There are 2 protein chains.
Amino acid sequence: MKIKVVQNVLRANDAVAAENRQRFGALGLTVLNLISAPGSGKTALLERTLDALNAGRCAVLVGDLATTRDAERLGRHCPNVVQINTGKGCHLDAAQIAAGLRDLAVDQLDWLFIENVGNMVCPTEFDLGEHAKVALISTVEGEDKPVKYPTLFQKATCVVLTKTDLAAASGFDRDRFYAELRQVNSDAPVIETSSRTGQGVDNWLAWLNRFRATVLNSRG
Amino acid sequence: MKIKVVQNVLRANDAVAAENRQRFGALGLTVLNLISAPGSGKTALLERTLDALNAGRCAVLVGDLATTRDAERLGRHCPNVVQINTGKGCHLDAAQIAAGLRDLAVDQLDWLFIENVGNMVCPTEFDLGEHAKVALISTVEGEDKPVKYPTLFQKATCVVLTKTDLAAASGFDRDRFYAELRQVNSDAPVIETSSRTGQGVDNWLAWLNRFRATVLNSRG
């Protein structure tokens, strides 16, 4: 019974996600869903990203249980930021994204970044209509996370390894990380970044632009 | 409708949790539920803990979506470790704890440590019958996490601030952390530890022993 209800919820979500996806396509909007544990650096990477892109053509929908902290941070880098407070909700769903879009001038945007609730598990199950899921993991979280939380990494189109400036201090084993990640995802690109030093952010921006070109080309 | 079903699930869980709690009391078993984001250092703290306590009188039930990695690590420090794989499940529930107990000689134990699935949100909602929830947060996750994920910190009997050896390198703002934590939990003790250097582990062990004495005294 419990499983059946969860399936119903997911099916209802998928229907709204399909509507979102169609809308994103019609608008020429490229939409990324950033998922990670709390504190992996989603907001910091977005701050760097918004500073480098044309921020007026970007929007961010940011999910947290409580507070508007992330929206306040991101609002200093972009005029189009909407905070979604989920209360006890452990993920964003497609209807919340559809509702969040109502507060944005979507026809003036190229990019929509969705910063999901900090959680490696639940957000993975809810399609938001995005073009790609981006999984973030920091060097301090441990090399074993891709195999322990495989669903996120299996579904990720791109993996961003964050906080490389802390890799040495935390004893991060890069070879083991890649070996374990490749057990669950054989081909997603991995982009190593430090939002503090800026290292690797250029590679992330290059991936973003290539990805957007691919999405736009696929519209035919 | 969705809310109603979730309430039913929680009510069913609470009934099993009450049975667990009664059983723990009858056995004189002290039970802690360790909750944190992935990679905050739950397993590392337990390794230190098991080395310091009489490990034969300890057991660990450890939840992960996949793999037996944590059980393998902990099994080197304690003979009584059971891995619970949750598949896509984002938390442990009371029935999983009851089932896990069947694999343990519970009448020979003083301590049961439950290492929950790495997730700051969902595990908080599911009573397992434990005597206390212990919230872990590492210095690298950001000072804003207590107010962004308030439920965990509100329910925590004890907060362990981990990875203090990385505090300086990660720019951790200790004053801000305490100020924000105290907005959501005015009185839980905070124990600062580094499982790598061992710093503060003695304080954690002292808290554990005081807590066990309190639990045993309350049985009258």
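Presented here is a report on the structure given in the accompanying data block. These numbers come from a predicted model, not from an experiment. (Residues numbered from 1 in each chain as written. Chains lettered and ligands numbered in written order. Predicted model: local features only at pLDDT ≥ 70, side-chain atom pairs only at ≥ 80, totals over all residues. Heavy atoms only, no water.)

Attention shifts here to the packing of aromatic side chains. Counted under the stated rule, the structure contains 10 aromatic pairs over all chains. Both rings, one in Phe177(B) and one in Tyr178(B), keep their centres 5.4 Å apart while their planes meet at 80°; by these two values the pair is edge-to-face. When its relative accessible area of 0% is taken as the criterion, Phe177(B) is described as buried. Taking relative accessible area as the criterion, Tyr178(B) reaches 23% and is therefore assigned partly exposed. What links up through ring pairs into an aromatic cluster is the set Phe172(A), Phe177(A) and Tyr178(A). The ring of Trp111(A) has Arg212(A) sitting right over it, with the charged end atom 6.0 Å from the ring centre. (Phe/Tyr/Trp six-rings, centres within 6.5 Å; stacked < 30°, edge-to-face > 60°. Buried < 20%, exposed > 50% of the residue type's maximum accessible area, 1.4 Å probe, protein only. Lys NZ or Arg CZ within 6 Å of the ring centre and 35° of its normal.)

Residue and element names in this part refer to chain B. If you trace the seven strands from one edge of the open sheet to the other, you get β3-β2-β4-β1-β5-β6-β7, paired in parallel fashion. The open sheet is flanked by β3 (81–85) and β7 (190–192), the only strands paired with a single partner. For this sheet, the mean angle separating the axes of adjacent strands, direction not counted, is 20°. Taken together, the four bridges between strand β1 (residues 30–35) and strand β5 (residues 132–138) define a ladder with parallel strand orientation. (Pairing = 2+ DSSP bridges. Helix = DSSP H or I, 4+ residues; strand = E, 2+ residues; numbered from the N terminus. Axes fitted to C-alpha atoms, helices over the stretch in contact; angles between N-to-C directions.)

Our next topic: the relation of the copies chain A and chain B. Least-squares fitting of chain A to chain B yields an RMSD of 0.0 Å, with the superposition described by an axial translation of 0.0 Å and a rotation of 180°. Expressed as a symmetry operation, the mapping of one chain copy onto the other fits a two-fold axis. Comparing interface residues between copies, 100% of those in chain A also lie at the interface in chain B; the contact surface is shared. (Least-squares fit on C-alpha atoms with pLDDT ≥ 70 in both. Contact = heavy atoms within 4.5 Å.)

Listed by partner, the interface residues are 41 residues for chain A and 41 residues for chain B. For the pairing of chain A and chain B, the buried interface totals around 3,300 Å² over both sides, and the portion due to carbon and sulfur atoms is 57%. Summed over the three residues of chain A that lose the most area to chain B, namely Pro38(A), Arg69(A) and Lys148(A), the buried surface amounts to 19% of that side. If you look at where chain A meets chain B, you find eight salt bridges. The partner of Glu125(A) in a salt bridge is Lys88(B), and the shortest N-O contact between them spans 3.6 Å. Along the contact surface separating chain A from chain B lie 13 residue pairs in polar contact (both at pLDDT 80 or more). Secondary-structure elements contributing two or more residues to the side of chain A that touches chain B are α1 (2–27), α3 (69–75), α5 (145–148), α6 (150–155) and α7 (174–184) of chain A. (Buried area = accessible area lost by both parts, 1.4 Å probe. Salt bridge = Lys/Arg side-chain N within 4 Å of Asp/Glu carboxyl O. Polar contact = N/O pair within 3.5 Å; in protein donor to acceptor, adjacent residues only side chain to side chain.)

What follows is about the nonpolar core. Counting 48 residues, the largest nonpolar core has Phe153(A), Val159(A), Phe153(B) and Val159(B) as the members making the most contacts within it. When contributions to this core are tallied by element, the ones reaching two or more residues are β5 (132–138), α6, β6 (158–162) and α7 of chain A together with β5, α6 (150–155), β6 (158–162) and α7 (174–184) of chain B. Setting aside its immediate chain neighbours within four residues, Phe153(B) contacts Met120(B), Ala135(B), Ile137(B), Lys145(B), Pro146(B), Val159(B), Leu181(B), Val184(B) and Asn185(B). The next biggest cluster of nonpolar side chains, apart from the first, holds 29 residues, and it includes Val62(A), Val81(A), Leu136(A) and Leu208(A). (Core = buried A, V, L, I, M, F, W, Y, C linked by side-chain atoms within 4.5 Å.)

The next thing to look at is the environment of Ser170(A). Topologically, Ser170(A) is positioned in the loop between β6 and α7. The exposure class assigned to Ser170(A) is buried, which follows from its relative accessible area of 14%. Apart from residues no more than four positions distant in its own chain, Ser170(A) is found in contact with Thr139(A), Val140(A), Leu166(B) and Arg196(B). Engagement of the side chain of Ser170(A) in a polar contact is seen with the backbone oxygen of Ala167(A), the distance being 3.3 Å.

Now for the sheet that holds strand β4 (residues 111–115) of chain A. Residue and element names in this part refer to chain A. Pairing is parallel in the open sheet, where seven strands are placed in the order β3-β2-β4-β1-β5-β6-β7. If you trace the sheet from one side to the other, it starts and ends with β3 (81–85) and β7 (190–192), each paired once. Within this sheet the neighbouring strands show an average axis-to-axis angle of 20°, counted without direction. The strands touched by helix α2 (residues 42–52) within the sheet are β1 (30–35), β2 (58–64), β4, β5 and β6, with β4 carrying the most contacts at an inclination of about 165°. Docked against the sheet, α7 engages β5, β6 and β7, running at close to 155° with respect to β7.

Turning our attention to α7(A). Restricting attention to buried positions, one finds in α7(A) the residues Phe177(A), Glu180(A), Leu181(A) and Val184(A). The buried residues of α7(A) occupy an angular sector of 100° when projected down its axis, which confines them to one face. Every exposed residue of α7(A) that faces more than 90 degrees away from the buried side is listed here: Asp175(A) and Gln183(A). Its buried side turned inward, α7(A) meets β5, α5, α6, β6 and β7 of chain A together with α3 (69–75) of chain B. For α7(A), the N-terminal cap is Asp173(A); the gap from its side-chain oxygen to the backbone nitrogen of Asp175(A) is 3.3 Å. (Arc of directions from axis to C-beta.)

Moving on, we get to the pairing of β3(B). Residues and elements named next belong to chain B. In terms of strand pairing, strand β2 (residues 58–64) meets β3 through five bridges, oriented parallel. Paired with Val60 across the strands is Val81, a residue of β3. Each parallel crossover has a hand, and for β2 linked through α3 to β3 it is right-handed. (Right-handed = clockwise from strand over helix to strand, strands pointing away.)

The analysis is restricted to geometry; functional conclusions fall outside its scope.
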